[in-house]
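Residue-level listing of the chains:
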Amino acid sequence: MPDAVDPANAPPPRPAAGIALGIAPGSLILTAGGERPVESLAPGDLLLTLSGQGAPLKPVRALRRAVGPAIRLGAGALGPMLPLRPLRLGAGHWLRCEAILLPAGLLANGTSIATEPPVELILLELDAPDLIVAEGAPVAALPLPKGAQPPEPGLVAALRAGLARRAAAGAPAHPAAAELDRLIGMPGPPHG
(Lines give C-alpha, C1' and ligand atoms only; values in the text may rest on other atoms or scores of the structure.)
Protein backbone atom coordinates (compact mmCIF):
# COMPACT_ATOMS: atom_id res chain seq x y z
CA MET A 1 0.00 0.00 0.00
CA PRO A 2 1.49 3.42 -0.95
CA ASP A 3 2.26 5.95 1.76
CA ALA A 4 -0.45 8.52 2.44
CA VAL A 5 0.30 12.03 1.18
CA ASP A 6 0.15 14.85 3.71
CA PRO A 7 -2.27 17.41 2.12
CA ALA A 8 -0.29 20.32 3.60
CA ASN A 9 2.84 19.20 1.74
CA ALA A 10 1.18 17.91 -1.44
CA PRO A 11 2.04 19.75 -4.64
CA PRO A 12 -0.70 22.04 -5.98
CA PRO A 13 -3.00 20.41 -8.56
CA ARG A 14 -2.18 20.99 -12.21
CA PRO A 15 -4.73 22.84 -14.34
CA ALA A 16 -6.36 21.37 -17.43
CA ALA A 17 -4.17 21.53 -20.54
CA GLY A 18 -3.57 25.10 -21.68
CA ILE A 19 -5.51 26.70 -18.84
CA ALA A 20 -3.68 28.48 -16.06
CA LEU A 21 -5.67 30.80 -13.84
CA GLY A 22 -4.31 32.61 -10.83
CA ILE A 23 -1.86 35.16 -9.48
CA ALA A 24 1.72 34.25 -8.58
CA PRO A 25 2.76 34.40 -4.91
CA GLY A 26 4.40 37.66 -3.92
CA SER A 27 1.93 39.73 -5.96
CA LEU A 28 0.30 42.48 -3.93
CA ILE A 29 -3.51 42.62 -3.83
CA LEU A 30 -5.42 45.74 -2.72
CA THR A 31 -7.48 44.95 0.39
CA ALA A 32 -9.51 47.05 2.82
CA GLY A 33 -6.34 47.37 4.92
CA GLY A 34 -3.94 48.16 2.06
CA GLU A 35 -1.85 45.95 -0.23
CA ARG A 36 -1.11 42.38 0.90
CA PRO A 37 0.67 39.45 -0.76
CA VAL A 38 -1.85 37.15 -2.42
CA GLU A 39 -0.54 34.15 -0.46
CA SER A 40 -1.38 35.88 2.85
CA LEU A 41 -5.08 36.25 2.00
CA ALA A 42 -7.75 34.03 3.53
CA PRO A 43 -11.50 33.55 3.12
CA GLY A 44 -13.31 36.52 4.64
CA ASP A 45 -10.60 39.11 3.83
CA LEU A 46 -12.10 42.17 2.12
CA LEU A 47 -10.77 43.09 -1.33
CA LEU A 48 -11.29 46.31 -3.26
CA THR A 49 -13.34 45.51 -6.36
CA LEU A 50 -13.71 47.61 -9.48
CA SER A 51 -17.07 46.72 -11.02
CA GLY A 52 -18.87 49.59 -9.35
CA GLN A 53 -21.79 47.24 -8.71
CA GLY A 54 -22.67 47.08 -5.03
CA ALA A 55 -20.12 47.63 -2.31
CA PRO A 56 -16.55 48.36 -3.45
CA LEU A 57 -15.25 45.84 -0.89
CA LYS A 58 -16.07 42.16 -1.22
CA PRO A 59 -14.93 39.22 0.91
CA VAL A 60 -12.75 36.44 -0.45
CA ARG A 61 -14.99 33.39 -0.62
CA ALA A 62 -12.29 30.80 -1.36
CA LEU A 63 -8.71 30.42 -2.57
CA ARG A 64 -7.54 27.80 -5.01
CA ARG A 65 -3.97 26.81 -5.80
CA ALA A 66 -2.60 25.40 -9.04
CA VAL A 67 0.54 25.28 -11.15
CA GLY A 68 0.58 26.49 -14.72
CA PRO A 69 2.29 28.53 -17.43
CA ALA A 70 2.54 32.20 -16.55
CA ILE A 71 2.69 35.61 -18.18
CA ARG A 72 4.94 38.33 -16.74
CA LEU A 73 3.66 41.87 -17.22
CA GLY A 74 6.43 44.40 -16.74
CA ALA A 75 5.71 47.57 -14.76
CA GLY A 76 3.82 49.91 -17.10
CA ALA A 77 3.23 47.19 -19.74
CA LEU A 78 -0.50 48.03 -19.96
CA GLY A 79 -0.14 51.80 -19.68
CA PRO A 80 1.30 54.40 -17.34
CA MET A 81 1.80 52.64 -14.00
CA LEU A 82 -0.28 49.62 -15.12
CA PRO A 83 0.80 47.48 -13.43
CA LEU A 84 2.64 49.50 -10.81
CA ARG A 85 5.19 46.71 -10.40
CA PRO A 86 5.88 43.52 -12.39
CA LEU A 87 2.96 41.09 -12.17
CA ARG A 88 2.86 37.36 -12.93
CA LEU A 89 -0.48 35.80 -13.83
CA GLY A 90 -1.52 32.44 -15.18
CA ALA A 91 -1.50 32.56 -18.98
CA GLY A 92 -5.26 32.01 -19.01
CA HIS A 93 -6.03 34.53 -16.27
CA TRP A 94 -8.35 37.35 -17.35
CA LEU A 95 -7.46 41.01 -16.93
CA ARG A 96 -8.78 44.33 -18.16
CA CYS A 97 -6.76 46.30 -20.68
CA GLU A 98 -8.15 49.35 -22.48
CA ALA A 99 -11.64 48.51 -21.12
CA ILE A 100 -11.44 45.03 -22.71
CA LEU A 101 -11.55 41.86 -20.59
CA LEU A 102 -9.25 39.17 -22.01
CA PRO A 103 -6.85 36.36 -21.03
CA ALA A 104 -3.34 37.65 -20.22
CA GLY A 105 -1.69 35.21 -22.62
CA LEU A 106 -3.24 36.96 -25.62
CA LEU A 107 -1.14 40.06 -24.87
CA ALA A 108 2.26 38.30 -24.77
CA ASN A 109 4.76 40.21 -26.93
CA GLY A 110 8.03 38.70 -25.73
CA THR A 111 9.29 41.92 -24.14
CA SER A 112 7.13 43.90 -21.71
CA ILE A 113 4.61 41.03 -21.59
CA ALA A 114 6.43 37.69 -21.72
CA THR A 115 5.61 34.02 -21.23
CA GLU A 116 7.23 32.19 -18.33
CA PRO A 117 7.53 28.55 -17.28
CA PRO A 118 4.88 27.07 -14.98
CA VAL A 119 4.66 28.63 -11.52
CA GLU A 120 2.48 28.24 -8.46
CA LEU A 121 -0.72 30.26 -8.88
CA ILE A 122 -3.34 31.39 -6.37
CA LEU A 123 -6.87 32.06 -7.60
CA LEU A 124 -9.24 34.17 -5.54
CA GLU A 125 -12.97 33.50 -5.62
CA LEU A 126 -15.63 36.08 -4.76
CA ASP A 127 -19.40 35.67 -4.53
CA ALA A 128 -19.94 37.19 -8.01
CA PRO A 129 -17.83 38.12 -11.07
CA ASP A 130 -15.66 41.16 -10.40
CA LEU A 131 -12.25 42.72 -10.87
CA ILE A 132 -9.67 43.09 -8.12
CA VAL A 133 -6.46 45.14 -8.02
CA ALA A 134 -3.21 43.16 -8.33
CA GLU A 135 -0.01 45.25 -8.37
CA GLY A 136 -2.24 48.18 -9.37
CA ALA A 137 -3.76 46.40 -12.39
CA PRO A 138 -7.37 45.22 -12.80
CA VAL A 139 -7.56 41.41 -12.88
CA ALA A 140 -10.53 39.06 -12.69
CA ALA A 141 -11.45 36.97 -9.69
CA LEU A 142 -13.57 33.85 -9.96
CA PRO A 143 -16.25 33.35 -11.02
CA LEU A 144 -15.60 34.71 -14.49
CA PRO A 145 -18.48 36.57 -16.14
CA LYS A 146 -20.90 34.17 -17.83
CA GLY A 147 -20.20 33.90 -21.52
CA ALA A 148 -16.84 35.67 -21.26
CA GLN A 149 -15.16 35.22 -24.65
CA PRO A 150 -11.78 36.52 -25.81
CA PRO A 151 -12.15 39.43 -28.26
CA GLU A 152 -11.68 38.82 -31.97
CA PRO A 153 -8.08 38.40 -33.16
CA GLY A 154 -8.03 41.73 -35.05
CA LEU A 155 -8.95 43.64 -31.91
CA VAL A 156 -6.29 41.80 -29.89
CA ALA A 157 -3.66 42.58 -32.57
CA ALA A 158 -4.60 46.28 -32.51
CA LEU A 159 -4.47 46.32 -28.71
CA ARG A 160 -1.02 44.67 -28.69
CA ALA A 161 0.26 47.14 -31.30
CA GLY A 162 -1.03 50.08 -29.25
CA LEU A 163 0.68 48.77 -26.11
CA ALA A 164 3.96 48.32 -28.02
CA ARG A 165 3.79 51.89 -29.41
CA ARG A 166 3.13 53.34 -25.96
CA ALA A 167 5.98 51.36 -24.41
CA ALA A 168 8.36 52.46 -27.18
CA ALA A 169 7.33 56.10 -26.77
CA GLY A 170 8.06 55.94 -23.02
CA ALA A 171 4.66 57.28 -22.00
CA PRO A 172 5.03 59.47 -18.90
CA ALA A 173 3.83 58.05 -15.62
CA HIS A 174 1.30 59.87 -13.52
CA PRO A 175 0.43 59.62 -9.82
CA ALA A 176 -0.81 56.21 -8.68
CA ALA A 177 -3.83 57.76 -6.95
CA ALA A 178 -5.06 59.29 -10.21
CA GLU A 179 -4.62 55.96 -12.00
CA LEU A 180 -6.59 54.09 -9.36
CA ASP A 181 -9.39 56.70 -9.54
CA ARG A 182 -9.50 56.18 -13.32
CA LEU A 183 -9.75 52.40 -12.88
CA ILE A 184 -12.55 52.60 -10.35
CA GLY A 185 -14.52 54.79 -12.77
CA MET A 186 -14.30 52.24 -15.60
CA PRO A 187 -17.43 50.26 -16.52
CA GLY A 188 -17.81 46.79 -15.06
CA PRO A 189 -16.99 43.53 -16.87
CA PRO A 190 -19.61 42.13 -19.25
CA HIS A 191 -22.23 39.90 -17.66
CA GLY A 192 -23.93 37.17 -19.67
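Note that residues are indexed from 1 along each chain, following the sequence as it is written. Only residues with pLDDT of at least 70 are given local features in this predicted model, and only at 80 or more are side-chain atom pairs given and counted; all residues enter the totals for whole chains, interfaces and linings. With hydrogens and water excluded, all non-hydrogen atoms of the structure serve as input to the side-chain values.

**Observations concerning unusual backbone geometry**
- Pro-83 follows Leu-82 through a cis peptide bond whose omega is -10°.
- With an omega of -5°, the peptide bond between Leu-142 and Pro-143 qualifies as cis.
- For Glu-135, which is not a glycine, the phi torsion comes out positive at approximately 55°.
- Residue exposure (1.4 Å probe, protein chains only): buried if accessible area is under 20% of the type maximum, exposed if over 50%, otherwise partly exposed. Since its relative accessible area comes to 5%, Glu-135 is described here as buried.

**Some words on the nonpolar core**
- Formed by 32 residues in total, the largest nonpolar core has its most connected members in Ile-23, Ile-29, Leu-73, Leu-78, Leu-95, Leu-107 and Ile-132.
- Counting residues per element, the ones that place at least two in this core are strand S5 (62-73), strand S6 (87-90), strand S7 (94-97), strand S8 (100-103), strand S9 (113-125), strand S10 (130-134), strand S11 (137-141) and helix H1 (153-169).
- Core analysis: the second largest hydrophobic core is formed by eight residues, Leu-30, Leu-48, Leu-50 and Trp-94 among them. The definition of a nonpolar core used throughout is a set of buried Ala, Val, Leu, Ile, Met, Phe, Trp, Tyr and Cys residues joined through side-chain atoms within 4.5 Å. Put simply, DSSP marks the helices as runs of H or I at least four residues long and the strands as runs of E at least two long, and each gets a number from the N terminus on.

**Overview of the confidence of the model for the protein chain**
- Per-residue confidence from the predictor is given as pLDDT, running between 0 and 100. In this model, the protein chain carries a mean pLDDT of 77, and residues with pLDDT of at least 70 account for 71%.
- When mean pLDDT is taken per element in the protein chain, S6 scores highest with 96 and helix H2 (residues 176-184) scores lowest with 41.
- This model gives residues 1-17 a pLDDT under 50, and the stretch forms 13 contacts once residues within four places in sequence are excluded.
- Residue contacts are counted whenever heavy atoms from the two residues lie within 4.5 Å of one another. The low-confidence segment residues 171-192 (pLDDT under 50) makes 40 contacts with residues lying over four places distant or belonging to another chain.

**Remarks on the side chain of Glu-125**
- Secondary-structure assignment places Glu-125 in strand S9.
- Of the residues examined, Glu-125 reaches a relative accessible area of 14% and is grouped as buried.
- Apart from residues no more than four positions distant in its own chain, Glu-125 is found in contact with Pro-59, Val-60, Arg-61, Ala-62, Arg-64 and Leu-142.

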